[in-house]
Amino acid sequence: MSSTASTLRGLSTFTAIALLGSPKIIHLRSIELDTQLYLGGDALEHLFGILKFYNANNIAFDAEQPGLYLIEASFVQVPEKAGVVPYSAAQYDFCGDLLWAIPLGKTTLGPSFRPYAHIAGLATNCNVTDGTWNVDIEPYVSATIKTEPGTNAAPLPQPRAPFFCHHPEPHGKGKKKPTPFSNRFVAVHGHITDVIYKAGSDTIITAFKIAVDNIEFLGAEPPPSSSSSGSTVSNKLDSPVTTPGFGKAKGKSVAKLSRMPETPTPTASGSKRGREDDEHREQPAAARVKKAGSTSAAT
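Below you will find a few notes about this structure.

**Re the side chain of H167**
Here comes step 1: Its place among the elements puts H167 in the loop between β8 (161-166) and β9 (184-197).
Here comes step 2: Within the structure, H167 has its side chain in polar contact with the backbone oxygen of P178 (distance 2.6 Å).
Here comes step 3: The residues contacting H167, other than those within four sequence positions of it, are G131, W133, K177, P178 and V212.

**Focus: the pattern of salt bridges**
Should their charged atoms come close, side chains of opposite charge can pair.
Here comes step 1: One pass over the full model with this rule turns up four salt bridges.
Here comes step 2: Here K198 and E80 are joined by a salt bridge, their closest N and O atoms 3.1 Å apart. Here K198 is found in the loop between β9 and β10 (205-219), whereas its partner E80 is found in the loop between β4 (67-77) and β5 (94-103), with 118 residues between them in sequence.
Here comes step 3: Here K198 falls in the partly exposed class, since its relative accessible area comes to 36%.
Here comes step 4: Among the residues examined, E80 registers a relative accessible area of 48% and is labelled partly exposed.
Here comes step 5: Overlapping salt bridges, with partners in common, bring together D136, E138 and R160 in one network.

**Some thoughts on the state of the cysteines**
Here comes step 1: Within the structure shown, the criterion is met by zero disulfides.
Here comes step 2: For C165, which is in no disulfide, the shortest distance to another cysteine sulfur is to C126 and amounts to 9.3 Å.

**Overview of the nonpolar core**
Here comes step 1: L47, I71, L98, W133, F163 and V188 are the most contacted members of the largest nonpolar core, which totals 51 residues.
Here comes step 2: Once residues lying within four places of it in the same chain are set aside, the contact partners of L98 are L20, L33, L51, K52, F53, I71, E72 and A73.

**A word on the environment of T129**
Here comes step 1: For T129, the position within the fold is in the loop between β6 (116-127) and β7 (132-137).
Here comes step 2: Given a relative accessible area of 72%, T129 falls into the exposed group.
Here comes step 3: Residues T129 and K177, spaced 48 residues apart in sequence, show a C-alpha to C-alpha distance of 8.4 Å.

**Let's talk about the environment of G83**
Here comes step 1: Locating G83 in the fold gives a position in the loop between β4 and β5.
Here comes step 2: Take G83: its relative accessible area is 33%, and that puts it in the partly exposed class.
Here comes step 3: Spatially, the C-alpha atoms of G83 and I145 are 7.1 Å apart, while their sequence positions differ by 62 residues.
Here comes step 4: If we ignore the near neighbours within four places in the chain, the residues touching G83 are I145 and L156.

**A word on the environment of L98**
Here comes step 1: Within the element layout of this structure, L98 appears in strand β5.
Here comes step 2: Assessed through its relative accessible area of 5%, L98 is described here as buried.
Here comes step 3: With 66 residues separating them along the chain, L98 and E32 place their C-alpha atoms 9.1 Å apart.

**Some thoughts on the packing of aromatic side chains**
Here comes step 1: This structure, assessed with the given rule, holds 10 aromatic pairs.
Here comes step 2: Summarising the aromatic geometry, the rings of F48 and Y92 are spaced 5.5 Å apart at their centres and angled 15 degrees between planes, so their arrangement reads as stacked. Highlighted residues: F48 in strand β3 (residues 46-54) and Y92 in the loop between β4 and β5, separated in sequence by 44 residues.
Here comes step 3: Site record: aromatic cluster; members linked through ring pairs are F14, F75, F94, F163 and F208.

**Section: the pairing of β8**
Here comes step 1: The buried count for β8 comes to five of six residues, which makes it a mostly enclosed element.
Here comes step 2: Inspection of the sheet shows β8 paired to β10 by four bridges, in the parallel sense. Across the sheet, residue F164 finds its bridge partner in β10, namely K209.

**A closer look at the pairing of strand β2 (residues 30-38)**
Here comes step 1: In terms of residue burial, β2 counts as a mostly covered element, since seven of its nine residues are buried.
Here comes step 2: Relative to β2, strand β1 (residues 11-27) runs antiparallel, the two being bridged by seven bridges. In the sheet register, L19 faces β2, and the bridge partner there is Q36.
Here comes step 3: Linking β1 to β2, which pair antiparallel, is a turn of two residues; within it L28 sits at a positive phi near 50 degrees.
Here comes step 4: Strand direction decides the pairing type here: β2 and β3, joined by nine bridges, are antiparallel. Paired with Y38 across the two strands is H46, which belongs to β3.

What counts as what
- Residues numbered from 1 in each chain as written.
- Predicted model: local features only at pLDDT ≥ 70, side-chain atom pairs only at ≥ 80, totals over all residues.
- Heavy atoms only, no water.
- Helix = DSSP H or I, 4+ residues; strand = E, 2+ residues; numbered from the N terminus.
- Polar contact = N/O pair within 3.5 Å; in protein donor to acceptor, adjacent residues only side chain to side chain.
- Contact = heavy atoms within 4.5 Å.
- Salt bridge = Lys/Arg side-chain N within 4 Å of Asp/Glu carboxyl O.
- Buried < 20%, exposed > 50% of the residue type's maximum accessible area, 1.4 Å probe, protein only.
- Disulfide = S-S within 2.5 Å.
- Core = buried A, V, L, I, M, F, W, Y, C linked by side-chain atoms within 4.5 Å.
- Phe/Tyr/Trp six-rings, centres within 6.5 Å; stacked < 30°, edge-to-face > 60°.
- Pairing = 2+ DSSP bridges.

The analysis is restricted to geometry; functional conclusions fall outside its scope.
Here it is as structure tokens:
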């Protein structure tokens, strides 16, 4: 399948405990932060990136000493081609937008604190036997350099977030590994455990490896429509429709609320109990005693 805008759409975020530091002010409260993600293992392997952040709550990031934070961010691989983002692949592994950050203070990192990725996109190169597949998407990040308007230069390619998804060893033999079909959309959650480098390079990343923890099968892309918009979902928001009423399921007409109903005036006629109460309220006290106690009066 060719890579089109629809097949490359998707989501790429992670939740992680990360080291943030070296804040650089871009404009007012917008800053850039160097970010280090710990991938576990005895070798203390890590990913190094840079995230843009709108510091609405004025978090005090230390320029000299990085601090530990619980964060969530959208991210892409820093592309090999220069000029797509204002960063170098020789210096950074990833870039993106920091969505939120919570200071943690002093915390001891361990192998269980690997970044937890949340991705959604088109699955390709699916291997049912090995339980592996790729997801290659172009999520939006604000660091992408825009082509200057009014120039004849072609738009720059969007940076990508490439992933190689695999299942950890199953508990017990013979257990089937859920694997999507090729060219089907999936949502995947799992830990980032490693990266795959370009052949002959130790800086250019071709894919982030994800140990799948959860997978949702989202199906295939809908077929193209004959409409000019290309959408297979009809637009009913811009056309007049009848507002459903409470009685519509029973064949009743929709209630008209053009004016509020008038408050009904109580009538003298009603139930027998109501008429008796009205008589008691309207008669003088002496008459009520005489009528109710005529037998005792005779005695």
